[in-house]
Amino acid sequence: MKIKANHIDIEIEDTHTGDATGRPVVLLIMGLGMQLIAWPPAMVQGLVDAGFRVVRFDNRDIGLSRHFDALGVPNLLWMGLKYRLGLRVAPPYSLQDMAEDALGVLDALQINKAHVVGVSMGGMIAQRLALLAPQRVLSLTSIMSSSGARGLPAARPEVMRVLLGRPSGKGMQAAIEHSVRLFKVIGSPGFQMDDADLRQRVTEATGRNHHPQGIARQMAAIVADDTRAAALAKVSVPTLVVHGKADPLVPFACGEDTARRIPGARMAGIEGMGHDLPPGVVERLLALLIPHLKQE
């Protein structure tokens, strides 16, 4: 279903039904280039079974939400160089803009307050939302994400080669193979995902929408967000930080730094978890997440 949020079209999925009145809301925010369907059904259902209303949405520039192709495609290598030199990076839009989109989703659905859960880039957006509108956030959960502070460990070189690389050919099949290769290199060594299931998920996502230009603009927003780390000391909502100890894309130290900077944050590391959400990881996340969401 499409709604107007922050003056743009945003695609959402909402578990709200007639009997969901009064259920506390969990707003799920996905990561770089990932669509709302990337949230595993078992995770959504686990939250519903625990008594929550779950709202998911496609971030701007991906999935069925508005694309921003008129803003052009940023030169990520040049932006990365400027970042390393300490120069200002000007992205087509910011993570703050994306946090305002998330707030706009709550506004459009007339949701006064919500628990906010984000993974990877979605965790960064969730952090921004907790800073932007703390009165609207019941709790914050940042999963496999980062504070964005300078000097934190970077992704492994083999991961960056695939992430910044291009498909070996043109067309949907080449795009699918490239995505499968990326998920395998960032996946959880302690929680292997079935190859057929992985390929099915990637094929479904690629068929729903394939928009690499939008991914580049989202990545530029991540690179440019260099003031968030210092601001995290102002986060005032109950916060849970969860991170895989085997994450090859956003190393575990990034999660530790996030938790250190947020007053009172609880840090939970998961052995064998990489940068994905296979069934075993979902089980452990729900075991951590549901008590956090239910705390008074």
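Report follows, based on the coordinates. On a predicted model such as this, the values are computed, not experimentally measured, just so you know. (Residues numbered from 1 in each chain as written. Predicted model: local features only at pLDDT ≥ 70, side-chain atom pairs only at ≥ 80, totals over all residues. Heavy atoms only, no water.)

For the coordinates displayed, the defined rule picks out 17 salt bridges. Of the charged contacts, one joins Glu-271 and Lys-245 as a salt bridge, the two residues approaching to 3.3 Å between their closest N and O atoms. In this pair, Glu-271 is assigned in the loop between strand E8 (266-270) and helix H11 (279-294) and Lys-245 in the loop between strand E7 (239-244) and helix H10 (252-261), connecting sequence segments 26 residues apart. Given a relative accessible area of 57%, Glu-271 falls into the exposed group. Taking the relative accessible area as the measure of exposure, Lys-245 reaches 42% and is therefore partly exposed. Here the salt bridges do not stand alone but share partners, grouping Asp-61, Asp-69 and Arg-217 into one network. (Salt bridge = Lys/Arg side-chain N within 4 Å of Asp/Glu carboxyl O. Helix = DSSP H or I, 4+ residues; strand = E, 2+ residues; numbered from the N terminus. Buried < 20%, exposed > 50% of the residue type's maximum accessible area, 1.4 Å probe, protein only.)

Helix length check: helix H4 (residues 121-132), at 12 residues, gives a terminal C-alpha distance of 16 Å against a target of 16 Å (1.5 Å per residue), a fit within 8%. Counting buried positions along H4 gives 10 out of 12 residues, so the element sits mostly inside the fold. Those residues of H4 that fall on the buried side of the exposure criterion are Met-121, Gly-122, Gly-123, Met-124, Ile-125, Ala-126, Gln-127, Arg-128, Leu-129 and Ala-130. (Expected span 1.5 Å × (residues − 1).)

On to the nonpolar core, then. A general feature of soluble globular proteins is that nonpolar side chains tend to end up buried together. Ile-10, Leu-27, Ile-29, Phe-57, Val-105 and Leu-129 are the most contacted members of the largest nonpolar core, which totals 37 residues. Put simply, the parts of the chain that give this core at least two residues each are strand E1 (2-5), strand E2 (8-14), strand E3 (25-29), strand E4 (53-57), helix H3 (95-108), strand E5 (114-119), H4 and strand E6 (137-143). Of all the elements, H3 adds the most residues to this core, at seven residues. Setting aside residues no more than four positions away along its own chain, Ile-10 makes contact with Met-1, Lys-2, Ile-3, Ala-5, Phe-57, Asp-58, Arg-60, Ser-65 and Val-105. Counting 31 residues, the second largest nonpolar core, distinct from the first, contains Val-54, Leu-240, Val-282 and Ile-290. (Core = buried A, V, L, I, M, F, W, Y, C linked by side-chain atoms within 4.5 Å. Contact = heavy atoms within 4.5 Å.)

The α-helix winds at 3.6 residues per turn, so residues separated by three or four positions along the chain end up facing the same way. The first and last C-alpha atoms of H3 sit 20 Å apart over 14 residues, in line with the 20 Å expected at 1.5 Å per residue. Within H3 the residues assigned to the buried category are Leu-95, Met-98, Ala-99, Asp-101, Ala-102, Leu-103, Gly-104, Val-105 and Leu-106. Among the residues of H3, the N-terminal cap falls to Ser-94, whose side-chain oxygen and the backbone nitrogen of Gln-96 are separated by 3.3 Å. The positive-phi residue at the C-terminal boundary of H3 is Gln-110, with phi of around 55°. (Polar contact = N/O pair within 3.5 Å; in protein donor to acceptor, adjacent residues only side chain to side chain.)

Moving on, we come to unusual backbone geometry. Positive phi values are uncommon outside glycine, yet His-7 reaches one of about 70°. By the secondary structure assignment, His-7 is in the loop between E1 and E2. His-7 sits in the exposed class, given a relative accessible area of 73%.

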